[in-house]
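Summary of structural features
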Amino acid sequence: MKLPKSILTASVLALVAASAVQAQSISSAGALAFDDEDTLFVGDAKAGLVHAFDLGDIFTDQSDYQLGRAQTFEGRTIFNNLDVEIAAILGVEPDQVVINDMVVHQPSRQIFLSVHRGHGPDAEAVIIAVNNGSLELIELASADHSSISVGPVPTSAILEFGQPLNTLAITDIDYYQGELLVAGVSNEEFSSTLRRIPFPFTNEISTSSIEIWHAVHAQFETRAPIITQTVTELDGVATLIAIYACTPIVRIPLADLTDGAQVRGTMIGEMGYGNTPLDIVPYLNPWDGTSSVVVTNTNRSAASLSLASLAVAPAMPSGDGVQPVFAVAGVDQFPLPMSGTLHLDTLDENYAVVVRTSPEDPRNIQLHTIPLPFFFDRADHVVEMNFEDGPDPFGYRAAPPLEFN
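First, a word on scope: everything that follows refers to the structure included in this document. The written sequence of each chain sets the order in which its residues are numbered from 1. Per-residue local features of the predicted model are confined to residues with pLDDT of at least 70, and side-chain atom pairs are confined, for both listing and counting, to 80 or more; whole-chain, interface and lining totals are unaffected and use all residues. To obtain the side-chain values, all non-hydrogen atoms of the structure were included, while hydrogens and water were left out.

Each cavity reported here is a set of points on a 1 Å grid over the protein atoms alone in which a 1.4 Å probe fits but cannot get out, each pocket an open set with protein on both sides within 12 Å along at least five of seven lines, and each lining residue one with an atom within 4 Å of a point. Grid points are joined across faces, edges and corners, and a volume is the space filled by probe spheres set on the points. Within the structure shown, the criterion is met by 2 cavities of 30 Å³ or more. Lining the largest cavity are Gln62, Tyr65, Leu67, Ile78, Arg109, Gln110, Ile111, Val130, Asn132, Gly133 and Leu347. Each residue is assigned to one class: nonpolar for Ala, Val, Leu, Ile, Met, Phe, Trp, Tyr, Cys and Pro, charged for Asp, Glu, Lys and Arg, and polar for all the others, Gly among them. Counted by class, the lining of the largest cavity contains 6 nonpolar, 4 polar and 1 charged residues. In this structure, the second largest cavity encloses a volume near 30 Å³. Considering the residues around the second largest cavity, the lining is formed by Ser192, Ile210, Ile212, Glu221, Thr222, Arg223, Ala224 and Tyr244. For the lining of the second largest cavity, a count of residues per class yields 4 nonpolar, 2 polar and 2 charged.

Okay, structure coming up:
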């Protein structure tokens, strides 16, 4: 697709120049997280750094922006062709836009995206915010900035099918009670590594190496990294819930992750072979007040896992003589009807937001809201209730058609 010449105006060229300023601060932009206030953390796998940007008063309250109608399970498409919209801001073709992660600043409900302008080692890193339905390029150079190295990371190693290993140096970042938990791989013998880093940054960093039983492979492994993780309290104990590549569900008490420790995580579930996890996001069920996490995947259904189940799930069988487990197994998993999900976060107690491929056209990358607790938008599906004279057992037609601001 060619961009019309009218797009390449002086204002767009100024935005392209601004992206070059961002590139001076960050070599790459991957995993994103916020602290409890206004600091945005950006994983820079290329440089082996975690950046912290105090965004100060940049946030705009989004409470007046209509997200849908949760009571009737109706979401809202904030953007169709999100990659095309971002390309217009950056002055490139849509195929030169790579959306790496998404995070919501919970106090304002403002959405942030980490994006690469271009591909490969020369791609430029930018951060883009969604402000009441409009895209804005964030000027990182004007924000208070600090950074810290995550320690030795792979340099030139290549995985079997061509992926540079250093792209996995930082796979996920979580903030919990004054420290960052940064997952990824290192160049140590135990490649799968978890770093605990106090914030504000000092010279202190605690690094643990993690071994897990992998049910599909029926062996203990130390290489494959945590892909997505969250920290939560299970029966009052701060616990890391980690989903690994190819897709073990692992539980590790935070107290075990001390500096220099070689930890064996407890595998409590398997999400199914031939699949890669994408995000794990905590949420509260507004109907009954129970707490859960939702896990999205590349090739399998998303699933909800209750914290109650995660707390009591026994370790899956491991060791000599245990046969591979290829099916979904272990801790209870409630399948959710989410397909084409690329990135996920929660906006508030009633809505999640996803970057996804449209159910009607996979070429259309959407930014879309989805009502909780079932992560389900009725408009995505054709059922008997859609017909004018069809049944309406839940009384949805009593509500007027949605008109968005």
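Now for the sheet that holds strand 26 (residues 351–357). For two strands to be treated as a pair, DSSP must find at least two bridges joining them. Under the DSSP-based scheme used, a helix requires at least four consecutive residues in state H or I and a strand at least two consecutive residues in state E, with every element numbered from the N terminus. What the 4 strands build is an open sheet, ordered 4-27-26-25; its pairing is antiparallel. On the outer flanks of this sheet lie strand 4 (77–79) and strand 25 (341–346), each paired with one strand and no other. Taken over all neighbouring pairs, the strand axes of this sheet differ in orientation by 25° on average, direction set aside. Two elements, strand 4 and strand 27 (residues 365–371), share 2 bridges in a ladder whose sense is antiparallel. When the sheet's bridge partners are listed, Thr77 is paired in strand 27 with His368. Contact definition: two residues touch when any of their heavy atoms are within 4.5 Å. Lines fitted to the C-alpha atoms define the axes, with helices restricted to the stretch that makes contact. Angles between their N-to-C directions range from 0 to 180 degrees. Along the sheet, helix 2 (residues 82–90) contacts strand 4, strand 26 and strand 27; its crossing angle with strand 27, the most-contacted strand, is approximately 125°.

Within strand 12 (residues 192–198), 6 of the 7 residues are buried, leaving the element largely enclosed by the surrounding structure. Where strand 11 (residues 179–185) and strand 12 come together, 7 bridges link them in antiparallel fashion. Bridge pairing in strand 12 links Gly184 to Thr193. Summarising the sheet, strand 12 and strand 13 (residues 206–214) pair through 4 bridges and their orientation is antiparallel. Among the inter-strand pairings, Thr193 is bridged to a residue of strand 13, identified as Ser209. A 1.4 Å probe rolled over the protein chains alone gives each residue an accessible area, and that area as a share of the maximum for its type sets the label: buried under 20%, exposed over 50%, partly exposed in between.

For this document, the term salt bridge refers to a Lys or Arg side-chain nitrogen within 4 Å of an Asp or Glu carboxyl oxygen. Under the counting rule described, the total for this entry stands at 8 salt bridges. Where Glu211 meets Arg264, a salt bridge forms, and the shortest distance between an N and an O atom there is 2.9 Å. Of this pair, Glu211 sits in strand 13 while Arg264 sits in strand 18 (residues 262–264), and the two are 53 residues apart along the sequence. With a relative accessible area of 17%, Glu211 lands in the buried category. Here Arg264 falls in the partly exposed class, since its relative accessible area comes to 49%. Among the charged side chains, a network of salt bridges with common partners joins Arg69, Glu74 and Arg378.

This paragraph deals with the nonpolar core. Definition of nonpolar core: a set of buried residues of the types Ala, Val, Leu, Ile, Met, Phe, Trp, Tyr and Cys, connected through side-chain atoms within 4.5 Å. Among the nonpolar cores identified, the biggest contains 29 residues, and Leu82, Ile86, Ile111, Val115 and Leu367 are the most heavily contacted of them. Elements that contribute at least two residues to this core include exactly strand 4, helix 2, strand 5 (97–105), strand 6 (110–117), strand 7 (124–131), strand 8 (134–137), strand 26 and strand 27. Here this core takes 5 residues from helix 2, the largest share from any one element. Excluding its chain neighbours within four sequence positions, the residues that come into contact with Val115 are Ala29, Ile86, Leu90, Val97, Val98, Ile99, Asn100, Glu124, Ala125, Val126 and Ile128.

Two aromatic rings from Phe, Tyr or Trp, using only the six-membered ring of Trp, form a pair when their centres are within 6.5 Å; if the ring planes differ by under 30 degrees the pair is stacked, by over 60 it is edge-to-face, and anything between is tilted. All chains considered together, the criterion is met by 14 aromatic pairs. Pairing Trp213 with Phe220 gives two aromatic rings, centres 4.9 Å apart and planes at 70°, and the pair type is edge-to-face. Residue Trp213 is classed as buried on the basis of its relative accessible area, which comes to 5%. Taking the centre distance of 5.6 Å and the plane angle of 40° together, the rings of Phe394 and Tyr396 count as tilted. The exposure class assigned to Phe394 is exposed, which follows from its relative accessible area of 57%. Here Tyr396 falls in the buried class, since its relative accessible area comes to 13%. An aromatic cluster of three or more residues is present, and its members are Phe41, Tyr175, Phe199 and Phe201. Sitting above the plane of the Phe220 ring, Arg264 keeps its charged end 3.8 Å from the centroid. Charge-over-ring contacts are defined here by two conditions on Lys NZ or Arg CZ: a distance within 6 Å of the ring centre and an angle within 35 degrees of the ring normal. Positioned over the ring face of Tyr273 is Arg300, at 5.2 Å from the centre of the ring.

Residues Asp36, Glu37, Asp54 and Asp144 make up a contiguous surface patch of negative charge. Tracing the sequence through the fold places Asp144 in strand 9 (residues 144–149). Of the residues examined, Asp144 reaches a relative accessible area of 58% and is grouped as exposed. Like-charged residues are merged into a patch within 9 Å and nonpolar side chains (Val, Leu, Ile, Met, Phe, Trp, Tyr) within 5 Å, provided each residue has over 30% relative accessible area and no salt bridge. The protein chains shown are the only cover counted for residues, whose accessible areas, like all others here, come from Shrake-Rupley with a 1.4 Å probe. Positive residues here are Lys and Arg, negative ones are Asp and Glu, while His and the chain termini are left out of the count. The location of each charge is read from NZ of Lys, CZ of Arg, CG of Asp or CD of Glu.

A few words now on the environment of Met385. Looking at where Met385 falls in the secondary structure, it is placed in the segment after strand 27. Look at Met385 and you get partly exposed, because its relative accessible area is 24%. Between the alpha carbons of Met385 and Gly75 there is a distance of 17 Å; along the sequence they are 310 residues apart. When neighbours within four sequence positions are excluded, Met385 is seen to be in contact with Pro391, Pro393, Phe394 and Arg397.

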